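So you can see what is in the structure, the chains are spelled out below.
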Amino acid sequence: MDTLKAVVVGAGGISNAWFPPLIKEGVGIPAVVDIIPDAAEARIKQYNLAAKAFSDVRTALRKTKPDFVVDLTIPAAHCTVTCTALKKGCHVIGEKPMAASLAEARRMVKAAGKAGKLYMVSQSRRWSAEHASLARAAREGAIGDITTINCDFYIGAHFGGFRDQMASPLILDMAIHHFDLARYFTGCDPVAVYAREFNPKGSWYKGDVATSCIFEMTNGVIFTYRGSWCAEGCHTSWNGDWRVIGTSGTLLYEKDQRPTGQVVAGPGGFHRPLAPAVIPDVAMPSTGMHGALCEMLNYLRTGTLPQTDCKDNIKSLAMVFAAIESARKGKRIKITI
């Protein structure tokens, strides 16, 4: 097959996580686009690319005719960049979150369908051996039928800058990772949510930076999420600490260590006898953004749909906006896509 070509749109800090895997996978990069031309030029020089710098997406696509676009712009620009690329006949892989609103995300899904092109979201934490092992064990019945899944996320994060001024920094900027992992680990989709956002005493954020959420999922599963970005001391992992409970046992995933668990081993007694849960090792040759890119390239070569195709990933985004709406209105919100 001829060398695949990609135009990279957005030359900010996140692009440093994308250029190395693009180069490693032999993807041609004929253009780098950024509203600040010097930023695009700097990345071209940094990675010794045979590329041209552009400040306009349409011009770059017209002159280079790539197979796909890598959208690394800010969330507010995702809809415009992605829809433009799709209309020009390009597939798209983009950074999370899909869009700055659910309405924009729906527009992007519709644009992909109309163009007959793939738009996938790099929900990078799905490409982790530990996460894949937990998901396989939970979804293949290692603990019976899943009933409950819990995630705790507590970090004292002194970012400075725009996050300190956001109205819902934790849910809007971070929780999408955990909400998507809950779907990945269980194979369930969101039905409704009741959420409470708050800004704890001593917070250095302007907006509500802590939350407690109760999600109702398909198959009767309940997902509870507790998190804060202004919790000093005893930090969890950035991936969160997880407990998955089933009808015959429990799985734990904490501090980014290999998942563990216990299952009922027999009848009798106040506490049933327990044995270690069988948790498979899952090979993950390429992780994070590299793993996402490999799924995109595999689709282009074989037609196998990536797990984070936009029609699926919009369900994770819907959890974010429903949780924010629930917190604002103080009531349970049904989740619609």
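This text follows the structure it describes.
The following paragraphs examine the structure supplied in this document. Per chain, residue numbering runs from 1 following the sequence as it is written. In keeping with the model being predicted, local features are shown solely for residues with a pLDDT of at least 70 and side-chain atom pairs are shown and tallied solely at 80 or more, while totals for entire chains, interfaces and linings include all residues. To get the side-chain values, all heavy atoms of the structure are used, and hydrogens and water are removed first.

### Some remarks on the packing of aromatic side chains
Selection rule: Pairing of aromatic side chains requires ring centres within 6.5 Å, counting the rings of Phe and Tyr and the six-membered ring of Trp. Pairs whose planes differ by under 30 degrees are stacked, by over 60 edge-to-face, and all others tilted. In this description a helix means any DSSP run of H or I spanning at least four residues, a strand means any run of E spanning at least two, and both kinds are numbered starting from the N terminus. With a 1.4 Å probe rolled over the protein chains alone, any residue whose accessible area is under 20% of its type maximum counts as buried; one over 50% counts as exposed, and the rest are partly exposed. Here, a charge over a ring means that NZ of Lys or CZ of Arg falls within 6 Å of the ring centre while also lying within 35 degrees of the ring normal.
Under the criterion given, the structure shown has 13 aromatic pairs. Relative to F215, the ring of F179 lies with its centre 4.9 Å away and its plane at 70°, an arrangement referred to as edge-to-face. Here F215 lies in strand β9 (residues 210-217) and F179 lies in helix α8 (residues 175-186), a separation of 36 residues in the sequence. Per residue, the accessibility class of F179 equals that of F215, and both read buried. Considering the side-chain rings of F179 and Y225, the 5.3 Å spacing of their centres and the 80° angle between planes classify their relative orientation as edge-to-face. One end of the pair, F179, is in helix α8; the other, Y225, is in strand β10 (residues 222-228), with 46 residues separating them in the sequence. This pair shows no difference in class: F179 is buried, exactly as Y225 is. Among the aromatic residues, those joined into a cluster by ring pairs are F179, Y184, F185, F215, F223, Y225 and W242. When the ring centre of F159 is taken as origin, the NZ or CZ atom of R163, which lies over that ring, is 4.5 Å away.

### Things to note about the nonpolar core
Test applied: Definition used in this section: a nonpolar core is a set of buried Ala, Val, Leu, Ile, Met, Phe, Trp, Tyr and Cys residues joined via side-chain atoms within 4.5 Å. Two residues form a contact once any of their heavy atoms are found within 4.5 Å.
Counting 80 residues, the largest nonpolar core has F179, F215 and F223 as the members making the most contacts within it. Counting residues per element, this core draws most heavily on helix α10 (residues 310-329), at 10 residues. Other than its neighbours up to four places away in sequence, F215 contacts F179, A192, V193, V221, I222, F223, M319, A323 and I335. Ranked by size, the runner-up nonpolar core spans 29 residues in total, among them F19, V27, M120 and M296.

### Quick look at a positive patch on the surface
To keep things clear, this is the line we draw: Surface patches are defined over residues having more than 30% relative accessible area and no salt bridge, joining like charges when they lie within 9 Å and nonpolar side chains (Val, Leu, Ile, Met, Phe, Trp, Tyr) when within 5 Å. The accessible surface values rely on the Shrake-Rupley method and a 1.4 Å probe; as for residues, cover is taken only from the protein chains in view. The term salt bridge refers to a pairing of a side-chain nitrogen on Lys or Arg with a carboxyl oxygen on Asp or Glu at a separation within 4 Å. Note that His is not counted, nor are the chain ends; the positive residues are Lys and Arg, and the negative ones are Asp and Glu. In plain terms, the charge of a residue is placed at NZ if it is Lys, CZ if Arg, CG if Asp and CD if Glu.
On the surface, a cluster of positive charge is made up of K52, R58, R62, K63, K65, K87, K88, K110 and K114. Those elements that provide at least two residues to the positive patch are α3 (57-64) and α5 (102-115). Ranked by residue count, the leading element in the positive patch is α3, at 3 residues. Mapped onto the fold, K88 is located in the loop between α4 (75-87) and β5 (91-95). Assessed through its relative accessible area of 52%, K88 is described here as exposed.

Don't take any of this as a statement about function, it's just geometry.
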